[in-house]
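# Examination of the molecular architecture
Each chain, letter by letter, is given below.
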Amino acid sequence: GQGQGQEEITNQNQTASNAQDEGSVVAKGRPDSERERLSMLGPRFLPVYDIIRERRLLNGPFHVMAMTLLVTFCMPAADHRRALALLADAVEWGIEPDARLVANVMAVCNRAQRQDEAVRLYEKYFQPYFGRLVPTDMSTRNVLIAHVDMGNLDRAVDITRETLSRWSVGFFMVHPVFEGFLAAGRWREAVALWDEILPFGLRALPADAPLRRTMPAAPRDAIIDLHGHPVASAQVATLHFLLKLAASRAPLTRPVMFITGRGRNSRGGVSQLRPAVARLFAALDPPLQGVAAAFNDGVLVVSARAFMAWRESIPRSGLTLDCAQLQWHRGE
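Report follows, based on the coordinates. Only a predicted model underlies this, so the values are computations on that prediction, with no experimental measurement involved.

### Quick word on the overall build of the protein
- Helix and strand counts for the protein come out as 13 helices and six strands.
- Burial status across the protein gives 47% buried among its 332 residues.
- Looking at the protein alone, contacts between residues at least 24 apart form 68% of all its contacts between residues at least 6 apart.
- Accessible surface, the protein as shown: approximately 16300 Å² in total, 52% of it carbon and sulfur.

Here it is, written out as structure tokens:
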């Protein structure tokens with residue numbers, strides 16, 4: 001009946017919307033079913049587009065959202081040549097590329113290990129003073145991934161500073177830089193960068209965002225909430241927190257708590273943050289020991305006495321960290 005027909009239309013629209021968004025979040029790691037869906041839809045839609053393009057069956061150009069959707073179909077096979085061709089077609093059709101379309105093409109290029117093309121697109125469309133588009137979360141993330149993978153970590157840091165100082169780009173989108181620092185063993189620089197750009201993230205986030213709760217109001221409120229952080233960023237945030245708390249030298253009367261969550265919203269319902277923080281504790285020299293809280297196994301607790309003893313055991317030369325023990329993977 002009419003209700004059933006309306007439901008089918010709604011489902012079709014939702015499917016198209018999900019596919020379009022895939023390019024913007026592919027680096028985060030969607031479930032395999034989403035990627036399989038794109039793998040099935042791509043071979044069906046792209047040939048239809050080729051026929052329309054070759055025979056000029058349309059009197060007017062495609063909408064930019066349609067071109068963005070077609071680019072997402074290039075994602076499973078990492079077909080960067082097709083994605084770049086679609087972007088060129090958009091210009092030929094008279095379509096002005098928007099930030100999402102270009103960012104999706106950049107994501108396909110990164111997946112195809114063509115980081116040079118992703119950087120070229122960013123410089124053409126988003127580079128301050130020269131680009132025509134305002135950087136978005138995903139364009140920033142994709143150019144940072146490209147530079148980190150190419151070994152241009154210092155350039156990635158420069159882009160982070162430029163972007164956060166000019167636009168309200170999501171703070172969590174810069175975590176590929178933290179991944180790069182930890183992979184290179186440059187953890188102190190990662191902590192310094194966290195401290196430097198933290199105010200920009202706070203300014204862009206609502207009052208109840210997790211990032212705001214990573215800075216305790218006073219030593220007696222020694223609680224850090226890592227909900228929502230990718231693994232590498234959570235580890236850097238924890239390091240920043242520990243160093244600040246250890247430097248305060250103030251006596252503690254309450255346990256130090258690290259809120260990691262139980263992983264209910266993680267892939268497979270398994271917490272990624274709790275074992276990541278535990279690995280960080282073990283990789284420190286001197287090491288730190290945390291235990292699951294009796295009231296909530298999504299919280300790691302270090303007693304006030306244990307933390308102060310650990311703080312006193314830190315040599316004058318400072319903490320050391322074996323980054324090889326951190327064992328994270330991109331997208332966690």
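### A look at the pattern of salt bridges
- If you walk through the whole model with that rule in mind, you get nine salt bridges.
- For the salt bridge of Glu117 with Arg114, the shortest nitrogen-to-oxygen distance reads 3.7 Å.
- With relative accessibility at 16%, the residue Glu117 sits in the buried group.
- Among the residues examined, Arg114 registers a relative accessible area of 28% and is labelled partly exposed.
- Glu189 is the salt-bridge partner of Arg186, the closest N and O atoms lying 2.7 Å from each other.
- Residue class for Glu189 comes out partly exposed when judged on its relative accessible area of 36%.
- Among the charged side chains, a salt-bridge network with shared partners connects Arg114, Asp116, Glu117 and Arg120.

### With respect to helix H3 (residues 64-72)
- Counting buried positions along H3 yields seven of nine residues, so the element is predominantly enclosed.
- Residues of H3 that are buried: Val64, Met67, Thr68, Leu69, Leu70, Val71 and Thr72.

### Points about the packing of helix H5 (residues 99-111) against helix H6 (residues 115-125)
- Orientation of H5 relative to H6, taken along the N-to-C sense of each, is 160°, at an axis distance of 7 Å. It follows that H5 is roughly antiparallel to H6 by the angle criterion. With respect to the hand of their crossing, H5 and H6 are arranged in left-handed fashion. Across the interface between the two elements, Val102, Val105, Met106, Cys109 and Asn110 from H5 touch Gln115, Glu117, Ala118, Leu121, Tyr122 and Tyr125 from H6.
- Of the residues contributing to the contact of H5 with H6, the split by class is eight nonpolar, two polar and one charged.

### A closer look at the sheet that holds strand S5 (residues 296-302)
- What the four strands build is an open sheet, ordered S1-S2-S5-S4; its pairing is mixed. Both edges of this open sheet fall to strand S1 (223-225) and strand S4 (291-293), since each of them pairs with a single strand only. Taking each pair of neighbouring strands and ignoring which way they run, the sheet shows an average axis angle of 30°.
- In terms of strand pairing, S1 meets strand S2 (residues 256-259) through three bridges, oriented parallel. Counterpart to Ile224 in the pairing with S2 is Phe258.
- Helix-sheet contacts for helix H11 (residues 231-248) involve S1 and S2, and the interaxial angle to S2 is about 170°.
- Relative to the sheet, helix H12 (residues 273-283) contacts S2 and S5, its axis offset from that of S5 by approximately 15°.

Thresholds, definitions, all that
Residues numbered from 1 in each chain as written. Predicted model: local features only at pLDDT ≥ 70, side-chain atom pairs only at ≥ 80, totals over all residues. Heavy atoms only, no water. Helix = DSSP H or I, 4+ residues; strand = E, 2+ residues; numbered from the N terminus. Buried < 20%, exposed > 50% of the residue type's maximum accessible area, 1.4 Å probe, protein only. Contact = heavy atoms within 4.5 Å. Areas by Shrake-Rupley, 256 points an atom, 1.4 Å probe, with all protein chains shown as cover. Salt bridge = Lys/Arg side-chain N within 4 Å of Asp/Glu carboxyl O. Axes fitted to C-alpha atoms, helices over the stretch in contact; angles between N-to-C directions. Parallel < 35°, antiparallel > 145°, perpendicular 65-115°, else oblique. Left-handed = near helix turned anticlockwise from the far one by under 90°. Nonpolar A, V, L, I, M, F, W, Y, C, P; charged D, E, K, R; others polar. Pairing = 2+ DSSP bridges.

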